[in-house]
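What the coordinates show
These are the residues of each chain, in order.
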Amino acid sequence: MTAAAELERLYTERGKHARALHDEGKKVIGYFCCYVPEEIITAFDMVPYRIQGSQSIPIDEADAYIEPTACPFARSCFNLALKGEYDFLDGFVAPHSCDTVERLYHIWRQNKPSAFNHYINVPHMMGPTSANFYRKELEYFIACLGDWSGRKMDEGKLRGAIRLYNERRALLRSLYDLRKADVPLVSGTEITRVLVAGMGVPAAEHMGLVRQFMDEVKQREQPKAQKLPRILIWGNEIDDVAFIKLVEESGAHVVMDDLCTGTRSFWDDVPETADPLEGIASRYLCTHCPRSNVPQTETREKDLENRYGYIKQFIKEWNVTGAIFYIVRYCDTCELEGPDLREYLNGMQIPVLMIEDDYSLSTIGQLRTRIQAFLEMME
């Protein structure tokens, strides 16, 4: 079986591999968002599993516990839990990434608890005092995980986990580099499959498949030149290829992203500091996310640059010519951040299409018309 086929299987059969590891006696810890350090879970010889929803399964049970005006992604995840899809998890960890996830943690713990349940309070402000607070939260997480498992944190294993995940981050950045060509060597649809497949398998195993996949990509026949719009996708959770595939089938190359399930989860390395936990805390707290409050500067122009300068670098290196914002409905953080980012990108002459969606495949037909019109406007 090719690496591409195995990655597609892992993407399609989500949770199956992690469930098998659980059945073999491995502890599998499910978690939300980009603020739970996988390095800590891995250093305890456990398997981190990023919890996902389903855009194809209707939310038919979760609405009895959480209002339907809450984030449909979070509700979908809990809906799957109520259906038993996450019964293989030995632990459940949620950070205060947003108010909905914070509330969902308590609802989940009350109605569908795992053997180990933990909440990480992540500061919204960025700065030295926030880093110290977050570090204390991680120390408490380690202590609780140790008490539950009967194991002690081995600093050598933690350092090894940091190196392992930094190696995977570098590998994924190399995979993204294959999209810099005039005709990208790998599509956004394929990238999404690779990333989602890696959310439920150990990092070392995922890295082996990614390396093989990259070798397969480089051996393909070079695609013919096409002068198509080069799109950056910005938003929150995209764990299904349907939307990315729709954009590409509508006549564009999806060459870059700023998503919770994309670059935010792996782009920056953990610095290998004398105190490994200090490096982990500084890296995760500085994740580029709309929920974070970046210190303001003197002028609005400088403030926007301070907040979004990293996206300018993405645009330059991947030759982005347009952006599509995919915002899951009722996501207050992205709804509030979107207009400022659109202003910043428009200042760079980058056209923007803002889409608010219900995290459902039923809206694909409606979205197709809007996306095609946007791409035609760019020609």
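A few points on the structure. (Residues numbered from 1 in each chain as written. Predicted model: local features only at pLDDT ≥ 70, side-chain atom pairs only at ≥ 80, totals over all residues. Heavy atoms only, no water.)

For the protein, the count of helices and strands is 14 helices and eight strands. Over its C-alpha atoms the protein spans a radius of gyration of 20 Å, differing by no more than 12% from the 21 Å that the globule rule assigns to 379 residues. Taken along the three principal axes of its C-alpha coordinates, the protein extends 60 × 55 × 45 Å. A sequence separation of at least 24 residues applies to 75% of the contacts in the protein between residues at least 6 apart. Of the roughly 16,300 Å² that the protein leaves accessible, carbon and sulfur atoms contribute 49%. Treating the 44 positive side-chain charges of the protein as one cloud and the 57 negative ones as another, the clouds have centres 2 Å apart. (Helix = DSSP H or I, 4+ residues; strand = E, 2+ residues; numbered from the N terminus. Rg over C-alpha atoms; globule rule 2.2 N^0.38 Å. Contact = heavy atoms within 4.5 Å. Areas by Shrake-Rupley, 256 points an atom, 1.4 Å probe, with all protein chains shown as cover. Lys, Arg positive; Asp, Glu negative; His and termini not counted. Charge placed at Lys NZ, Arg CZ, Asp CG, Glu CD.)

Counting across every chain of the model gives zero disulfides. Looking at the unpaired Cys-289, the closest cysteine sulfur is the one in Cys-260, lying at 5.4 Å. A residue is classified by how much of its surface remains accessible, and Cys-289, at 18% relative accessible area, is buried. Here Cys-334 is not cross-linked by a disulfide; its sulfur's nearest cysteine counterpart is in Cys-331, at 3.8 Å. (Disulfide = S-S within 2.5 Å. Buried < 20%, exposed > 50% of the residue type's maximum accessible area, 1.4 Å probe, protein only.)

Turning next to the packing of helix 7 (residues 155-177) against helix 9 (residues 203-218). The geometry of helix 7 relative to helix 9 is characterised by a closest axis approach of 10 Å and an angle of 25 degrees between their N-to-C directions. Classified by the angle their axes make, helix 7 and helix 9 are roughly parallel. Crossing geometry of helix 7 relative to helix 9 is assigned as left-handed. Listed contacts from helix 9 to Leu-164, Tyr-165, Glu-167, Arg-168, Leu-171, Leu-172, Ser-174 and Leu-175 of helix 7 are Ala-203, Ala-204, His-206, Met-207, Val-210, Arg-211, Phe-213 and Met-214. Looking at the contact of helix 7 with helix 9 residue by residue, the classes come out as eleven nonpolar, two polar and three charged. (Axes fitted to C-alpha atoms, helices over the stretch in contact; angles between N-to-C directions. Parallel < 35°, antiparallel > 145°, perpendicular 65-115°, else oblique. Left-handed = near helix turned anticlockwise from the far one by under 90°. Nonpolar A, V, L, I, M, F, W, Y, C, P; charged D, E, K, R; others polar.)

A pair of packed helices can be characterised by two numbers: the angle between their axes and the separation between those axes. Direction vectors running N to C along helix 7 and helix 11 (residues 276-285) enclose 35 degrees, while the axes themselves pass 10 Å from each other. Where helix 7 crosses over helix 11, the handedness of that crossing is left-handed. Contact residues: Glu-155, Leu-158, Arg-159, Ile-162 and Arg-169 in helix 7; Pro-276, Ile-280, Arg-283 and Tyr-284 in helix 11.

A word on the sheet that holds strand 8 (residues 352-357). With parallel pairing, the four strands of this open sheet are ordered in space as 6-5-7-8. Two strands bound the open sheet, and with one partner strand each, they are strand 6 (253-258) and strand 8. For this sheet, the mean inter-axis angle between neighbouring strands, taken without regard to orientation, is 25 degrees. In terms of strand pairing, strand 7 (residues 322-328) meets strand 8 through six bridges, oriented parallel. Pairing of Phe-325 across the sheet is with Met-354, part of strand 8. (Pairing = 2+ DSSP bridges.)

Here we come to helix 10 (residues 242-249). With six of its eight residues buried, helix 10 lies for the most part within the structure. Among the residues making up helix 10, those that are buried are Ala-242, Phe-243, Ile-244, Leu-246, Val-247 and Glu-248. At its buried positions, helix 10 is contacted by helix 8 (188-197), strand 5 (230-235), strand 6, strand 7, strand 8 and helix 14 (364-378).

For the structure on display, the rule yields 30 salt bridges. Residues Glu-317 and Lys-180 are paired through a salt bridge, measuring 3.2 Å at the closest nitrogen-oxygen approach. Of this pair, Glu-317 sits in helix 12 (residues 300-317) while Lys-180 sits in the loop between helix 7 and helix 8; the two residues are 137 residues apart in sequence, bridging distant segments of the chain. In this structure Lys-180 comes out as partly exposed when scored by relative accessible area, which is 31%. For Arg-307, the salt bridge is made with Glu-337, and the minimal N-O distance between the two is 3.2 Å. (Salt bridge = Lys/Arg side-chain N within 4 Å of Asp/Glu carboxyl O.)

Honestly, it's all geometry; don't read function into it.
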